[in-house]
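Observations on the three-dimensional arrangement
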Amino acid sequence: MLASIAMIAALGMTIRFAPDFWPSGSSVPAGTRLIPRPQIQDFAFLLNYARGQFPDRDSSPYAVETHRRFMGKWLGEPQDWSMCFGWSPTVVAVMAPLFALPTPAAWALFCLASAILFLVAARPFATSSRGATVVLRLAAASPCAIFIIGNGQTSPLTTAALLAGVRLLDGERRSAWRDIALGIGLGLLTFKPPVAILAGAALLASGRWRPMLPAGAVVAAVVAATTLWFGPQWIGDYVRLLGSYDTDSCDPIFRAGFVPWIMSNLRSVLLMAGAPDGVASSVSSACFLGCCGALALAPLVLRRPIAPRVALGSAAMAYCLFAPHLSPSEDIAILIPAWVALAGQPGARVTARVVSGCLLVLFAGGATAWLLPMDFLRALAPLAGFCGKLLVAAAFAEVSSR
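This one's a predicted model, so the numbers in the text were calculated from it and none came from an experiment. Per chain, residues are indexed from 1 in the order of the written sequence. With pLDDT at 70 or above as the cut-off, local features in this predicted model cover only qualifying residues; side-chain atom pairs require 80 or more to be listed or tallied, and sums for whole chains, interfaces and linings still use all residues. Only hydrogens and water are set aside; all other atoms, that is, all heavy atoms of the structure, feed into the side-chain values.

A few points about a nonpolar patch on the surface
Patch definition: residues above 30% relative accessible area lacking any salt bridge, with like charges linked at up to 9 Å and the nonpolar side chains Val, Leu, Ile, Met, Phe, Trp and Tyr linked at up to 5 Å. Calculation of accessible area relied on Shrake-Rupley with a 1.4 Å probe; when residues are assessed, cover is drawn exclusively from the protein chains displayed. Note on definitions: salt bridges are taken to be side-chain nitrogens of Lys or Arg within 4 Å of carboxyl oxygens of Asp or Glu. Residues Val219, Val223, Ile235 and Val239 make up a contiguous nonpolar surface patch of roughly 280 Å² in combined accessible area. For helices the rule is a DSSP run of H or I covering at least 4 residues; for strands it is a run of E covering at least 2, with both sets numbered from the N terminus onward. Only helix 11 (212–230) and helix 12 (233–243) provide two or more residues apiece to the nonpolar patch. Considering the arrangement of structural elements, one finds Val219 in helix 11.

Rendered as structure tokens:
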């Protein structure tokens, strides 16, 4: 925890945050010198776009023109590029408690709260063996952790939610309140749709379908409220936005914000092999959805549910390998199948494979590609991260099959 606080403090003193954007407009007057692109971190964009655009009922938040107009207002001058707001409307419920704060304070509070929740949720898994403790310490000191905190990423929060869900499922008697809690958590996770898909697949693989009812209620409430506010046009805009989430088919203003070559997933490997990004993204999406669908249907084929930890580890492994838009921060999810494998106490060989794989992912994966100054090393880092995930997947499969 002290290491996380120190990292937040150190990065907070070096990051030059973009200006605050409120519903009434930006704090930067027109004509002000533009802020360099590297300072437009993910969290600053997410917070300012959500609190600045969602109160505006005159335009859909998922329209390209809305992004273009926002960037001009936010930075004080017209822009020819924009980050892409690909989160679902559920993100407003997640981020609303931070809307009243200036961006630096909101970032620091969000990072600190996410780190605390992650460490609390991870503790039962991380202390299951000496190897599991080593893996957690490596994660806390890795380039992946720097990337997460520096950009204010949501991956510690979503990973904490997944681990907390397993604690509600694992070895506990079923009850209505647990199903309701799981369902509400799943509904809130829809702010990041791929994470909600993997969580839903893990639940169904565990034989728990009742949480889908409150989750569906949360999603229905969000969709209804958003439709009443903006009108139905936002749905079509959002579907089109997600359907063109690659550098080939996206609107040109979003290309600067899409960096698939630093993702340590199948999409990045296919790009290295020369595939067009549209094809690489589609193949990766098909593999991810196919794995999650097969996992969800596994109880019907096996005639029994899968153990919750194995179900979540399998879904997380599919996510780390195949999710098409896998930010380097999402590599932290590799800890889930790694901990499941290490908890099986399989011996030194599997432990060495898991630790080696995590080292490659967390120290030589997508986040390292983002930090390295040399182009040839930057090109090799995502492939190294993908190979590390394959090592963890092999160890996880060996332990889970016993």
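From this point, the discussion proceeds with the structure in view.
Notes on the confidence of the model for the protein
pLDDT expresses, on a scale from 0 to 100, how confident the predictor is about each individual residue. Residues of the protein with pLDDT of at least 70 account for 90%, and the chain-wide mean is 89. Confidence drops under a pLDDT of 50 for residues 29–38, and excluding neighbours within four residues, the segment shows 18 contacts in the predicted structure. Only heavy atoms matter for contacts: two residues are in contact if any of them lie within 4.5 Å across the pair.

Considerations on the nonpolar core
Counting residues in each nonpolar core, the largest one holds 69 residues, and the members touching the most others are Phe118 and Trp339. Once residues lying within four places of it in the same chain are set aside, the contact partners of Trp339 are Phe118, Ala122, Phe125, Ala126, Ser128, Ala132, Val135, Leu136 and Leu163. Counting 41 residues, the second-largest nonpolar core is a separate cluster that includes Phe43, Ala50, Phe54 and Phe70. Nine residue types can take part in a nonpolar core, namely buried Ala, Val, Leu, Ile, Met, Phe, Trp, Tyr and Cys, and a core is a set of them joined through side-chain atoms within 4.5 Å. Note on classification: 1.4 Å probe, protein chains only; a residue is buried when its accessible area is under 20% of the maximum for its type, exposed when over 50%, partly exposed between these limits.

Some words on helix 14 (residues 277–302)
Expected span, for any helix, means 1.5 Å times one less than how many residues it has. Helix length check: helix 14 (26 residues) gives 36 Å between terminal C-alpha atoms against 38 Å at 1.5 Å per residue, within 8%. Of all bends in helix 14, the biggest is about 40 degrees, found at Ala296, and the proline Pro299 comes one to four residues later. Looking only at helix 14, the buried set comprises Asp277, Gly278, Ala280, Ser281, Ser284, Phe288, Cys292, Leu295, Ala298 and Pro299. Elements in contact with the buried residues of helix 14: helix 10 (193–205), helix 13 (266–272) and helix 15 (308–322). The term bend refers to the angle at a residue between two fitted axes, each drawn through seven residues, those ending there and those starting there.

Quick look at the packing of aromatic side chains
Ring pairs are drawn from Phe, Tyr and Trp, using the six-membered ring of Trp, whenever the two centres fall within 6.5 Å, and their geometry is named by plane angle: stacked under 30 degrees, edge-to-face over 60, tilted for the rest. The tally for this structure, following the rule as stated, stands at 18 aromatic pairs. The interplanar angle of 55 degrees and the centroid separation of 6.2 Å between the aromatic rings of Phe45 and Trp74 together place this pair among those described as tilted. Within this pair, whereas Phe45 is found in helix 2 (residues 42–53), its partner Trp74 is found in helix 3 (residues 64–75), the two being separated by 29 residues in sequence. Judged by its relative accessible area of 0%, Phe45 is buried. With relative accessibility at 0%, the residue Trp74 sits in the buried group. Three or more aromatic residues link up through ring pairs in this structure, and these residues are Phe21, Phe45, Tyr49, Phe54, Tyr62, Phe70, Trp74, Phe85, Trp87, Phe230, Trp234 and Tyr238.

Overview of the packing of helix 10 against helix 14
Axes here refer to lines fitted to C-alpha atoms; in helices the fit is confined to the stretch in contact. Angles between the N-to-C directions go from 0 to 180 degrees. Packing of helix 10 against helix 14 brings their axes to within 7 Å, and their N-to-C directions diverge by 20 degrees. As summarised for this structure, helix 10 and helix 14 are arranged roughly parallel, according to the angle between their axes. Once helix 10 is placed against helix 14, the crossing between them reads as left-handed. Side by side, helix 10 and helix 14 meet where Pro194, Ile197, Leu198, Ala201, Leu204 and Ala205 of the first sit next to Phe288, Leu289, Cys292, Leu295, Ala296 and Pro299 of the second. Residue composition of the contact of helix 10 with helix 14, grouped by class: 12 nonpolar, no polar and no charged. When an angle is under 35 degrees it counts as roughly parallel; over 145 it counts as roughly antiparallel; between 65 and 115 it counts as roughly perpendicular; any other value is oblique. Throughout, a crossing is termed right-handed when the near helix is turned clockwise from the far one, and left-handed when it is turned anticlockwise from it by less than a right angle. Any residue that is not Ala, Val, Leu, Ile, Met, Phe, Trp, Tyr, Cys, Pro, Asp, Glu, Lys or Arg is counted as polar, Gly included; the first ten are nonpolar and the last four charged.

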